[in-house]
Amino acid sequence: MNINQEIKNYFFKSSLLNKLIITNIAVFLIINIIYLFLYLFDADPYTNQKIISWFAVPSDLKKLLLRFWTPFTYMFLHEKFWHILGNMLWLFFLGRIFIDFIEQKKLFAVYILGGL
């Protein structure tokens, strides 16, 4: 069995809390791999900020109407290692407490509505 299949199996068999954490980490890795390629190929230094601006919520209402996906994508966007580490630790520990007292299905709704 190859590693891609093992990752898919783990993802589909894991709890919703683990799926949220895996999704956040995957988005973080994808963004940073893109940054690495941009750095290696000597891209414009402001390209990183342009990428982030496509996924972060803009302050201008006109841009927000054009980038309607940003209220959802920014919830999964983390730029720095310490940012994602802190947020995923909070999500893991508080998510475990949440699941112990309230059913797991409501965790996703609370995550999305809390982000919005």
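Rules of the game
Within any chain, residue numbers begin from 1 and follow the written order of that chain's sequence. This being a predicted model, a pLDDT of at least 70 is required before a residue's local features are given, and a value of 80 or more before pairs of side-chain atoms are given or counted; all residues contribute to the totals for chains, interfaces and linings. Processing note: side-chain calculations cover all non-hydrogen atoms of the structure and skip hydrogens and water entirely. Secondary structure is summarised from DSSP: a helix means a run of H or I of at least four residues, a strand means a run of E of at least two, and numbering begins at the N terminus for each. The span one expects for a helix is its residue count, reduced by one, times 1.5 Å. Whether a residue is buried, partly exposed or exposed follows from its accessible area with a 1.4 Å probe, protein chains only, as a fraction of its type maximum: under 20%, in between, or over 50%, in that order. Here, residues are in contact when the closest pair of their heavy atoms is within 4.5 Å. By nonpolar core we mean a set of buried residues, namely Ala, Val, Leu, Ile, Met, Phe, Trp, Tyr and Cys, connected to one another through side-chain atoms within 4.5 Å. Axes here mean lines fitted to C-alpha atoms, for a helix over just the part in contact, with angles spanning 0 to 180 degrees between N-to-C directions. Angles below 35 degrees are treated as roughly parallel, those above 145 as roughly antiparallel, those between 65 and 115 as roughly perpendicular, and all remaining angles as oblique. Three classes are used: nonpolar for Ala, Val, Leu, Ile, Met, Phe, Trp, Tyr, Cys and Pro, charged for Asp, Glu, Lys and Arg, and polar for all others, with Gly counted as polar. The criterion for an aromatic pair is that two Phe, Tyr or Trp rings (for Trp, the six-membered ring) have centres within 6.5 Å, with stacked assigned to planes under 30 degrees apart, edge-to-face to planes over 60 apart and tilted to the rest.

Participant: How would you explain helix α2 (residues 16-40) if you had to name every residue and give the values?
Facilitator: Given 3.6 residues per turn, any residue in an α-helix points the same way as the ones three and four places further on. If you check α2, its first and last C-alpha atoms are 36 Å apart, about what 25 residues at 1.5 Å a residue would give, namely 36 Å. Buried within α2 we find Leu16, Leu17, Leu20, Ile21, Asn24, Phe28, Ile31 and Tyr35. Buried residues along α2 sit in contact with α3 (47-55), α6 (81-101) and α7 (105-115). Two residues or fewer after α2 comes Asp42, characterised by a positive phi angle close to 55 degrees.

Participant: Please give an account of the nonpolar core that cites residues and values.
Facilitator: Taken as a class, soluble globular proteins show a tendency for nonpolar side chains to be buried jointly. One finds Leu20, Leu91, Leu107 and Tyr111 to be the most contacted residues of the largest nonpolar core, which totals 14 residues. Residue contributions to this core peak at five residues, all from α2. For Tyr111, the contacting residues outside a window of four places in its chain are Leu20, Asn24, Met75, Phe76 and Leu91.

Participant: A description of the packing of helix α1 (residues 3-13) against α2 should follow, citing residues and the corresponding values.
Facilitator: Two elements in contact, α1 and α2, have axes separated by 8 Å at closest approach and are oriented at 135 degrees. With respect to α2, the axis of α1 lies oblique. Packed against α1, whose contacting residues are Tyr10, Phe11 and Phe12, the element α2 presents Asn18, Lys19, Ile22 and Thr23 at the interface. For the contact of α1 with α2, the residue count by class is four nonpolar, two polar and one charged.

Participant: Describe the environment of Lys80, listing the residues and the values that go with them.
Facilitator: Position of Lys80 among the secondary structure elements: in the loop between α5 (70-73) and α6. Sequence spacing of Lys80 and Asn32 is 48 residues, and the spatial spacing of their C-alpha atoms is 8.9 Å.

Participant: An account of the packing of aromatic side chains is needed here, citing residue identities and associated values.
Facilitator: Going through the model one piece at a time under the given rule, you end up with seven aromatic pairs. Judged by centre distance (5.8 Å) and plane angle (5 degrees), the ring pair of Trp54 and Trp69 falls under stacked. Here the residue Trp54 occupies a position in helix α3, and Trp69 occupies one in the loop between α4 (61-66) and α5, the gap between them amounting to 15 residues. The exposure class of Trp54 is partly exposed, given its relative accessible area of 44%. On the basis of an interplanar angle of 75 degrees and a centroid distance of 5.2 Å, the ring pair of Phe92 and Phe93 is categorised as edge-to-face. Residue Phe92 is classed as partly exposed on the basis of its relative accessible area of 29%. Judged by relative accessible area, which is 51%, Phe93 ranks as exposed.

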